[in-house]
Amino acid sequence: MSDAEEAPREATGENGETEMKEEEEANPNYKEVEDPQQESKDDTLAWRESQEEERKTGEEEGEEEEKEEEEGKEDKKIVMEETEEKAGEVQEKEASGIQEETTVEPQEVTESMIRLETQITDSQSITSGIFPKTQRGSKSKLSLQLEDAETDELLRELSTQIEFLDLDQISPEEQQISSPERQPSGELEEKTDRMPQDELGQERRDLEPENREKGQERRVSDIQSKAGISRESLVSSTTEDILFQKDKSAPVYPLTMTWSFGWNSSLPVYYIREERQRVLLYVCAHTAIIYNVFRNNQYHLQGHANIISCLCVSEDRRWIATADKGPDCLVIIWDSFTGSGGQKSETKVIPVHTIFDSCPEGNGIMAMAMTHDAKYLATISDAEVQKVCIWKWTLAVETPACTLELPTEYGVQNYVTFNPTNNKELVSNSKTRAIYYAWYEERDTLAHSAPVLTEKTFNKLVGKFSQSIFHLNLTQILSATMEGKLVVWDIHRPPSSASTFLGFPYIKPCKLVHLQKEGITVLTTIDSYIVTGDIKGNIKFYDHTLSIVNWYSHLKLGAIRTLSFSKTPATPPTEKSNYPPDCTLKGDLFVLRNFIIGTSDAAVYHLTTDGTKLEKLFVEPKDAICAISCHPYQPLIAIGSICGMIKVWNYENKQYLFSRVFEKGLGVQSLTYNPEGALLGAGFTEGTVYVLDAMSLENESPEPFKYSRTSVTHISFSHDSQYMATADRSFTVAVYMLVVRNGQRVWEYLARLRSHRKSIRSLLFGVYLDSNEPRLLSLGTDRLLIEYDLLRSYKDHLEVLDIHHTDQGCYPTCMVWYPPLTRELFLLICNSGYKVKLFNATTKMCRKTLLGPAYGSPIEQTQVLPVRSMAELQKRYLVFINRDKVGLQILPVDGNPHKTSAIVCHPNGVASMAVSYDGRYAFTAGGHDRSVVQWKITLRAFAYELRIFPNKEGTSTHTVLSSTQIRHAAAGQSQPCGSRFLFLTTSPSPCAACGSAGPLSAV
């Protein structure tokens, strides 16, 4: 039995008594059904007396029900008339071009509104038993006992969704989409709806033990029908338009991924949808991104703990499969219509199917493909001995239907695809060997043929294979090479009519076709064409005889990495169409679908074939991203890459503003805005330091500073922007000063000093307590904390004020100014032993040592979250990153592990972190995964007030739990003090016992 049932339904205090009396007057039978547990404990005599009373009042209740039904029909007629008028207005707006793309028929609008009203009414009745203070009980719902945790969780989720339903603010289209479609009323549903409450309770008491399971299923179906919940799964009932519906649910996690900047250009980008909205699919680190170009929003498929290594889609673009490399690798199948395979949770997506331990002996998945009908999935592992597995994922099996181990002499197979017309045939290739597979399902056999191909086979250089596909005639296989050639293989299949088995099919090299000079990187088919993309950015189309039909060589693109055609067939040519002619002698129109082009320099383009219009969708860094910095008072973030690109984004609007690409050899290693936000300091991998204008990225100084021969890892500005300091990999600290020359303010080099013996981890400016003069400190892994005397420093001489040892065994990892929560000013230093230390800022004496966040690796960088108002000065938070996670900690530090929360942000390592000026967002750079993730910070999700009722007298108490403990409570796990979980709210009202309210910042 669920916790909600065991909790007493009476409200506490005088208010509760008043509520109970009002309900008794409205419902004479309320006492009989208000507590199902008490009813089940009644003796047989009392039960029989209640039965006799039911028979006496049965006729009267029947007459009342008939009246209620007639009134309900009249209300529905009125609602239908009003809705038809609204639907007429919607149609008029659509005709004038004002309405949005989605069209709704009047009848559908009417039905959806009636369903939505019914859903709200019924759902409120259901949740009245769970929220006794806020909603009235309903006699048709209070008697429903929830005997399993699943149904109880359903009611809690439903009650959360009801808060956001508002008929006055929801458009007819959204109503039709957001309100689940009700099933037609059957005999069971009609009986439940019209049955008096006491009879319904009587029927439950009459259930025999062997029929309890059937009765429980019936009650769950009754709840679903009353709440307007369809019995069909969301996978079978959803449409494409539901994916990008705005999620109004309250965030329940302290850190929520809201946007991902970048793209893993080593993986393909797919064209998911084009009819009314251009939707793409690509990968950033361990997250698959569904990106709507027109609406400029993203939908994140989160579930992998490792970097995604493979991505494929079905022919209809609905089913998406992702796989990763690393320990405990996963293969996950998603539904692109909804982003999930079930009902949406508040923040996370539920996959359709997950294959665990798909490669237990290896490192993950190297290649993957899905059949055109999405029935089967093929994977090739990334191991010394590769395995080819075919999965019947639609059956939700945990083991492959067929497995084949490949000999090591075949090379590393890195590409695989199915025969588009035969699910039992597929082909894969490495750089040196192509393999043809034939799957005999009835024999549980995966036959294969991999003939050796050398230069002597055709007496010509073949080259390394890139991709292999089935020919349009389906009797041959084509393998593209980096020498611009195609190897044609003949497929020899045994006759199916033979009475005896003559052998497995095999392939044999037939010919070598030299198509072009440039190496072919992409080989695919679309409609009646064979398509190639090469390293020079050319895209060429051939017919089934490998005769060229058309090509695009004037686009000036980088090396083609992926080509993805729209699933919508090309529009037939008309008088208004502008299709180009092909290059054949007939000169027919070249009619082709629109397609997406992905290049090796991380650029994505959309080509409209009617008129040949090329549109650049986005260009992302093609190399590691190690430097990010947030503007001090505007919603801007600067992202620097090792490829020499700096991009500036408006992270509120998700809008790219401007960028600059430096000359070859200059890789951006560090970025920092000055406190005024007018300058941007940039450190590069070869030791150069630039001072740039923050709004144009032009040089602020005539020439860059070149005083270091190694990568500049840190840049910091003083509070008054008079000094700039840098640190490099050669353990050297350099200081630059702003001076006035000829009436202009210019930056000049002051001095530099190799002050550390090991790498510098932090470079920090501060302010002296007794003056407004800046102070500079550096911290290194040599366990030295060094402060410099800027006032006594002069040209080519950097004065050291003092040196202190911070640790003995462990080494320090980062340093930050501790917020003024006490009278004493502290420096907070983290070390490799998961400890945090507070040092007096003046004497450098260690005042306290505490346990820090322990999430698998020590803290590598930390920042204090800015406050948004004066009232939050005593409620401070710390943002930190370790090797692969980003997290939050409630201050002051006291070693309490429940005051921290962290989430995996970049499985292969976090390179840098930044915090927005208003403290609403945190940003993490993933280094070699070429992505930057924006995390929304929800402080109220860090600690909620949880009300509990420890006894049946209704005594109300409260406690404050961490977010993890609260999620355990919501899942029905053990509760504090042995009490029962009643309800959880993100906006709690004052506690009845102590009067406290709201999310608290202490645990």
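Residues numbered from 1 in each chain as written. Predicted model: local features only at pLDDT ≥ 70, side-chain atom pairs only at ≥ 80, totals over all residues. Heavy atoms only, no water.

Participant: How should I be thinking about the overall build of the chain in this particular structure?
Facilitator: Scanning the chain for helices and strands turns up 14 helices and 58 strands. Sorting the 1003 residues of the chain into buried and exposed places 53% on the buried side. A separation of at least 24 residues holds for 53% of the contacts in the chain among residues at least 6 apart in sequence. Counting only carbon and sulfur atoms, one obtains 48% of the accessible surface of the chain, whose full area is about 46400 Å². (Helix = DSSP H or I, 4+ residues; strand = E, 2+ residues; numbered from the N terminus. Buried < 20%, exposed > 50% of the residue type's maximum accessible area, 1.4 Å probe, protein only. Contact = heavy atoms within 4.5 Å. Areas by Shrake-Rupley, 256 points an atom, 1.4 Å probe, with all protein chains shown as cover.)

Participant: Sorry if this is basic, but what is going on with the packing of aromatic side chains here?
Facilitator: Between two aromatic rings, the relevant description is the distance of the centres plus the angle of the planes. Under the counting rule described, the total for this entry stands at 31 aromatic pairs. When the centroid spacing of 6.3 Å and the interplanar angle of 75° are considered together, the rings of Tyr818 and Phe826 count as edge-to-face. One exposure class covers both Tyr818 and Phe826, and it is buried. Consider the rings of Tyr855 and Phe880, whose centres lie 6.3 Å apart with planes at 20°: the pair is stacked. Highlighted residues: Tyr855 in the loop between strand S48 (846–851) and strand S49 (861–864) and Phe880 in strand S50 (residues 877–881), separated in sequence by 25 residues. Judged by its relative accessible area of 24%, Tyr855 falls in the partly exposed class. Phe880 gets classed as buried once you look at its relative accessible area, which sits at 1%. In textbook terms, an aromatic cluster arises when at least three aromatic residues are bridged by ring pairs, as seen for Tyr529, Phe541, Tyr552, Phe565, Phe590 and Phe595. The ring of Trp439 carries the charged tip of Lys424 above its face, separated from the ring centre by 5.2 Å. (Phe/Tyr/Trp six-rings, centres within 6.5 Å; stacked < 30°, edge-to-face > 60°. Lys NZ or Arg CZ within 6 Å of the ring centre and 35° of its normal.)

Participant: I would appreciate a short explanation of the sheet that holds S49 in the present structure.
Facilitator: By definition, the strands of a sheet pair up through backbone hydrogen bonds, in either a parallel or an antiparallel sense. One open sheet accounts for four strands, arranged S49-S50-S51-S52; its pairing is antiparallel. Lying at the two open borders of the sheet, with one neighbouring strand each, are S49 and strand S52 (900–904). Each neighbouring strand pair of the sheet contributes to a mean axis angle of 15°, computed without reference to strand direction. Summarising the sheet, strand S51 (residues 885–890) and S52 pair through five bridges and their orientation is antiparallel. The partner of Val886 across the bridge, within S52, is Ile903. (Pairing = 2+ DSSP bridges. Axes fitted to C-alpha atoms, helices over the stretch in contact; angles between N-to-C directions.)

Participant: Help me understand the pairing of strand S39 (residues 733–741) in this model?
Facilitator: Each regular strand carries side chains that alternate between the two faces of the sheet. Both strand S38 (residues 723–728) and S39 contribute to a ladder of five bridges, which runs antiparallel. Counted as the bridge partner of Tyr723 is Met737 from S39. What sits between S38 and S39 in their antiparallel hairpin is a turn of four residues, with Phe731 showing a positive phi close to 65°. The sheet contact formed by S39 and strand S40 (residues 744–753) spans nine bridges and is antiparallel.

Participant: Is there a simple way to explain the nonpolar core in this structure?
Facilitator: Inside soluble globular proteins, nonpolar side chains tend to come together where they are buried. One finds Leu280, Ile637, Val879, Phe923 and Val932 to be the most contacted residues of the largest nonpolar core, which totals 46 residues. Once you skip the residues sitting within four places of it in the chain, Phe923 turns out to touch Phe261, Ile628, Cys630, Ile637, Tyr651, Ser912, Met913, Ala914, Ser916, Val932, Val933 and Gln934. Formed by 35 residues, the second largest nonpolar core is a distinct cluster that contains Tyr270, Val279, Ile290 and Cys312. (Core = buried A, V, L, I, M, F, W, Y, C linked by side-chain atoms within 4.5 Å.)

Participant: Quick question: what am I supposed to make of the side chain of Gln889 here?
Facilitator: Take Gln889: it is sitting in strand S51. Leaving out residues up to four positions away in the same chain, Gln889 has contacts with Pro853, Arg876, Tyr877, Leu878, Phe880, Lys899, Thr900 and Phe942.

Participant: Is there a simple way to think about the confidence of the model for the chain in this case?
Facilitator: Caution applies to low-pLDDT regions: their predicted coordinates should not be interpreted in detail. The predicted model of the chain has a mean per-residue pLDDT of 76, with 67% of residues at 70 or higher. Within the model, the stretch residues 223–231 combines pLDDT values under 50 with 35 contacts to residues more than four positions away or in other chains. (pLDDT = per-residue confidence, 0-100.)

Participant: Which parts of the structure should I look at to understand the pattern of salt bridges?
Facilitator: Pairing between side chains of opposite charge can happen when their charged atoms approach one another. Applying the stated criterion to the full structure yields 21 salt bridges. Note that Glu441 is salt-bridged to Lys392, the shortest N-O span being 2.3 Å. On the criterion of sequence distance, the pair formed by Glu441 in the loop between strand S16 (434–440) and strand S17 (445–449) and Lys392 in the loop between strand S12 (387–391) and strand S13 (402–405) is long-range, its members being 49 residues apart. One salt bridge in this structure joins Glu787 and Lys844, with 2.7 Å as the shortest N-O distance. Here Glu787, found in strand S43 (residues 784–794), pairs with Lys844, found in the loop between strand S47 (835–840) and S48; they are 57 residues apart in sequence, far enough to count as distant. (Salt bridge = Lys/Arg side-chain N within 4 Å of Asp/Glu carboxyl O.)

Participant: Explanation requested: the pairing of S51 in the structure shown.
Facilitator: Within S51, six of the six residues are buried, which leaves it mostly tucked inside the rest of the structure. Residues Lys885, Gly887 and Gln889 of S51 are buried on one face, and the alternating residues Val886, Leu888 and Ile890, pointing to the opposite face, are buried as well. Here S50 pairs with S51 via five bridges, running antiparallel. The partner of Val879 across the bridge, within S51, is Leu888. A loop of three residues connects S50 with S51, the two strands running antiparallel in sequence.

Participant: Is there a simple way to explain the sheet that holds strand S27 (residues 595–599) in this structure?
Facilitator: Strands sit in the order S26-S27-S28-S29 across an open sheet of four strands; the sheet is antiparallel. Two strands bound the open sheet, and with one partner strand each, they are strand S26 (560–565) and strand S29 (613–619). Between one strand and the next, the sheet's axes are offset by a mean angle of 20°, whatever the strand orientation. In terms of strand pairing, S26 meets S27 through five bridges, oriented antiparallel. Bridge pairing links Phe565 to Phe595 in S27.

Participant: Looking at this structure, I do not really get unusual backbone geometry. What am I missing?
Facilitator: Across residues other than glycine, the phi torsion is negative in most instances, and most of the peptide bonds are trans. A cis amide bond links Leu891 to the next residue, Pro892, at an omega of 5°. Within the element layout of this structure, Pro892 appears in the loop between S51 and S52. The residue Asp328 is not glycine, and still its phi comes out positive at about 55°. When you line up the elements, Asp328 lands in the loop between strand S7 (319–324) and strand S8 (330–335). You can call Asp328 exposed: its relative accessible area is 62%. One non-glycine residue, Arg930, lies in the positive phi region at around 60°. The residue Arg930 is located in the loop between strand S54 (921–925) and strand S55 (931–937) in this model.

Participant: Explain the side chain of Thr287 to me, please; I cannot follow it from the model alone.
Facilitator: With respect to the helices and strands, the residue Thr287 is situated in strand S4 (residues 287–292). Look at Thr287 and you get buried, because its relative accessible area is 1%. Discounting chain neighbours no more than four positions away, the residues touching Thr287 are Met257, Tyr282, His300, Leu301, Gln302 and Ile308.

Participant: What should I look at first to understand the environment of Ala367 in this one?
Facilitator: By secondary structure assignment, the location of Ala367 is in strand S10 (residues 365–370). A residue is classified by how much of its surface remains accessible, and Ala367, at 4% relative accessible area, is buried. A C-alpha to C-alpha distance of 5.8 Å links Ala367 and Thr379, two positions 12 residues apart in sequence.

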